[in-house]
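What follows is the residue order along each chain.
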Amino acid sequence: MIGMVRAQLWFRRGRTLATLAALVIAVASFALLTSAARGAQVRAVGTVRENFRPGYDILVRPPAAATDAPGELISFDRIGSTYGGISVEQWRRIERLPGVDVAAPVAMVGYVMHSTVYPVDLAPYVRPGVAHQVFRVRPTWVSDNGLSRAPDGNAYLYVTTDRLEWVPGEEMAVNQIYHELPRESAIHRIVPGGGDTVICVPETHYIGVDPLDPQRRRSVSCWSSDPASTANATARPRVGIVVPVPMLMAAVDPEQEARLNGLDTAVTAGSYLTTGAPSAPGAVPVLVAGRPQLDRRAQVGVERLDVTVAERVAAGVTLDNLIDPFEAAAGTPAGAATFTEQDVYAQVVDELRNASPLGWYNSNPTTVIVGGARPDDRTWSIPTNPGVQNYWTVGPAPTPMATVPLDGDEWGQGCFDLPACNALPVELSDPVTRGVDPHGNGKAAPFGSAYLQGVGVFDPAKVDVGPALAGMPADLYSPTGRPGADASSRKALGGQPLGPSANFAGPVPQHPSLLTTLDALPALHRAPYQNLDAAHGVNDQAPISTVRVRVAGEVGMDDLSRERVRAVAQRIHDETGLRVDLTLGASPAGVATTLPAGNHGRPPLTIAEPWLRTGVATTVVAAIDHKSLLLAVLVLVACVLAVGNAAGAAVRTRSTELAVLACIGWPRRRLFALVCAESAAIALLAAVAGVLLAFAAAWPLGVRIEWLTALGAVPAALALTLGAALVPARRAARADPATAVRPPVVAVRRRRTPRSLAGLAWTNLLRAPGRTVMGALSLAIGVAALTLLAVVTIAFRGAVTGTVLGDAITVQVQSTDYIAAALTTLLGAVAVADVLYVNIRERSAEFALLGATGWSEARVTRLAAYEAVALGIAGGVGGAGAGLGAAAALTGSLPPAVYATAAGAALAGALLTTAAAAVPLRMLRGLPMARLLAED
């Protein structure tokens, strides 16, 4: 028996190698992909566990808040633009509930404006020895990743070699607590010989009333190179570019915030916030973020005007009367400069930390020192006025308005005849995309208004916001920016996210850069501020916007932990009537929204608006389990079919031989054992070769093969092979001696006359329907695996659309899953090729007869190829349909893209089958036609 088995395997080397190849692929794929899928699942589940619990477990919102889209999606814009709705008493009740470890409130205040000045040094462009020169500085604000370019008002500097003196005039006491300021002083030009002329007065240093019109935001100043001059503010000729910086403010409870995320440990300068009443009436203590958020830079062009324009000043025309001629005059480019938000933000932080309620002025009434400190060659700033003259609350949806309401013509004018400390960013001329309510105090500022008192600086990057993939974009410290949601938007943005601009009513809101305390809110929720009611975004009776709750104890993915969190959330709702959302297991998601074109060059964009999708972790784990289970089952089924088909083909090609053995007296049990022994021998060889192949392929694929799994493939292969060979072995045991003289393929009962080559191919397939179904089914298993994998992946991503956690998990598992599906499809293609091989062997006499009757070799080959294509189409279409049906049962609904994916999988299976059929098709050319005709 052993010798005969060895002889049969060697004598039929082609059949043995074909069967062995099918088994090697099955064993290698099972060993390799079982380890790979298990490793991927371990990594994926590990990632889910590590990112399952965000910085807080429950988000409490006002009862009127609701999700804005199906599928448990929560809008972060709606969270960040909710102004009040939860009372302090309700927050305290939440804090006292059993099971609550931390209850950190957030009260959104709104946007305040702080202005500073960035100096542009013109000393490199001053020509020595020229008596009178005028320079024009053209600033342009660039934002939206370079898509928006908003021109600002031009700044002019008159430079002279003559001495300039500050000559005081009438003095007026503005207030008893302030130094006396010059009201009608002027700058005189002292000419050689003692004569003098007035060239400017303080009121003309900053011209303009309209706060956003670049033509009304112009400024003019003067500077002398004469060391004896008293009117120079700095030792070098400079022009100051006014930089208004909108800053979002929020109020927190310092103690709870420190317990939730360690905000107190993120303080890099100064001190942390303290609870209790502010140190002075009207004071608003603030922690200032140490990093800027705005996507903005200034491109500055420097031009030298014609000398004839400068000579008009020498002729006695004052600078305020020359600003229009300056605008009309031609200029010669002299240089350029660029500064970013980062360049000026450190100055903003310093001014907020060191400012007194109304800035600091020199005690000498003849000289005004601007800024919180004396200017020198390195610094130059406008008066540091921390008074909150106005603040704006910004809602999620715009009311009918074109631009931001400014609430008063005081915006754009100067403070106490000094450079404009009330400037607004020119980007506010862009259309608003969110509703805005102003809360100005009119002409009363800074008298009676609240003022900012910088106590410290914090680094948002040092705040513990939880795991990286579970960070809440609605959190106070998360990075800002929104990526493009379609190809054109991503291209327009250069692949970069769209960040916040100086238009605080634009599409991307800031995260708070000023943090104050709940105890300081009354200073902003009182007269002389206006629109102080809930309809306009100010709710002094219930000022808290959200409460972030962390449940006591360890919280994991187990059912008990989730139930504890759910129970605490239910108790919060029952006790307070507030809305509760479970953030446990959630992940940030993106929802596409359309952004209209701006006024400064930005085209219409489709951006991904940040939302929160709850329950993502559970969906991810369920999707991983489904994919792994289904693919493992499909690999096993494909393995059984491949082995069964190979063993059946071996028996069919040896029907005459088996019948002869039965004629000479072999009992059925011996014939049965012969087929099983041959299959077992091939299985053992394939198991060893498959394991070695799996180890060889593991390293380039990045898969770690487990020894137990690999060694377990050997008995598994033997068991599967013997199980698949049982039916063919039983058929061999029933070998009929008459088979030796009867054709192996009988005629079909119903006679058909094919009218085409394709029809003849289909008729030939129907002559052995069982064999045809086996081959098509083998291919269908692989195509179904591809289809199911693609459908589950698409549906899985749809279930966690664009979530950070979902994307991370999908990236981890998709490579191994596709390898499994591809190898399963390859098994099916090999099975189809085997069926075609058997067909050619059994019908070799027919092919010889066709050649003898005049059929060309190409036409005979095309007939066999049509049979392979028909098998491929049948298996591909059947597998795609089965995959769609299984996916529909698992996911419940199928997105439209799934059907195109299924069609692609069917086409791929058909093409792969056609390619695999190349080997048996080549066999046609080597058939011994003369011998076959003689035998027939």
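*Asks:* Let's hear about helix α6 (residues 307-314): which residues, and what values?
*Replies:* Owing to its 3.6 residues per turn, the α-helix brings residues three or four apart onto one side. Those residues of α6 that fall on the buried side of the exposure criterion are V309, A310 and V313. Looking straight down α6, one finds its buried side chains confined to an arc of 100 degrees; they lie on one side. Those residues of α6 that are buried lie in contact with β4 (132-143), β6 (155-160), β10 (186-190), β11 (196-200) and α7 (323-328). Directly after α6, the chain includes G316, whose backbone phi takes a positive value near 110 degrees.

*Asks:* Lay out the pairing of strand β12 (residues 219-224) in plain terms, naming residues and giving numbers.
*Replies:* Of all six residues that make up β12, five are buried, and the element is covered over most of its length. Judged from the six bridges that link them, β6 and β12 form a sheet pairing that is parallel. Bridging across to β12, V159 finds its partner in W223.

*Asks:* Just give me the short version of the sheet that holds strand β24 (residues 587-595), but keep the residues and values in it.
*Replies:* The sheet built from three strands is open, its strands ordered β2-β25-β24 with antiparallel pairing. Single-partner strands in this sheet number two, and they are β2 (73-75) and β24. Neighbour-to-neighbour, the strand axes of this sheet turn through a mean angle of 45 degrees, independent of strand direction. Pairing analysis gives nine bridges linking β24 to strand β25 (residues 605-613), with the strands arranged antiparallel. When the sheet's bridge partners are listed, A589 is paired in β25 with W611.

*Asks:* An account of the packing of aromatic side chains is requested, with residue identities and associated values reported.
*Replies:* Enumeration over the complete set of coordinates arrives at seven aromatic pairs. Measuring from ring centre to ring centre gives 4.0 Å for Y118 and F339, while their planes differ by 20 degrees; the resulting arrangement is stacked. Separated by 221 residues along the polypeptide, Y118 in strand β3 (residues 100-121) and F339 in strand β17 (residues 331-340) bring together distant segments of the chain. In this structure F339 comes out as buried when scored by relative accessible area, which is 2%. Ring geometry for Y156 versus F326: centroids 5.4 Å apart, planes at 35 degrees, classification tilted. Of this pair, Y156 sits in strand β6 while F326 is found in helix α7, placing the two residues 170 residues apart along the sequence. Here the two residues Y156 and F326 agree in accessibility, since each one is buried. By the ring-pair criterion, three or more aromatic residues cluster together here, those being Y111, W392 and F504. Positioned above the aromatic ring of W141, the side-chain terminus of R296 is 4.9 Å from the ring centre.

*Asks:* With reference to specific residues and values, describe the sheet that holds strand β7 (residues 163-167).
*Replies:* Judged by pairing direction, the sheet is antiparallel, and its three strands sit side by side in the order β7-β10-β11 without closing on themselves. The open sheet is flanked by β7 and β11, the only strands paired with a single partner. Neighbour-to-neighbour, the strand axes of the sheet open up by a mean angle of 35 degrees, direction not taken into account. Taken together, the four bridges between β10 and β11 define a ladder with antiparallel strand orientation. Bridging from a neighbouring strand, R189 pairs with T197 of β11.

What counts and how
- Residues numbered from 1 in each chain as written.
- Predicted model: local features only at pLDDT ≥ 70, side-chain atom pairs only at ≥ 80, totals over all residues.
- Heavy atoms only, no water.
- Buried < 20%, exposed > 50% of the residue type's maximum accessible area, 1.4 Å probe, protein only.
- Helix = DSSP H or I, 4+ residues; strand = E, 2+ residues; numbered from the N terminus.
- Arc of directions from axis to C-beta.
- Contact = heavy atoms within 4.5 Å.
- Pairing = 2+ DSSP bridges.
- Axes fitted to C-alpha atoms, helices over the stretch in contact; angles between N-to-C directions.
- Phe/Tyr/Trp six-rings, centres within 6.5 Å; stacked < 30°, edge-to-face > 60°.
- Lys NZ or Arg CZ within 6 Å of the ring centre and 35° of its normal.

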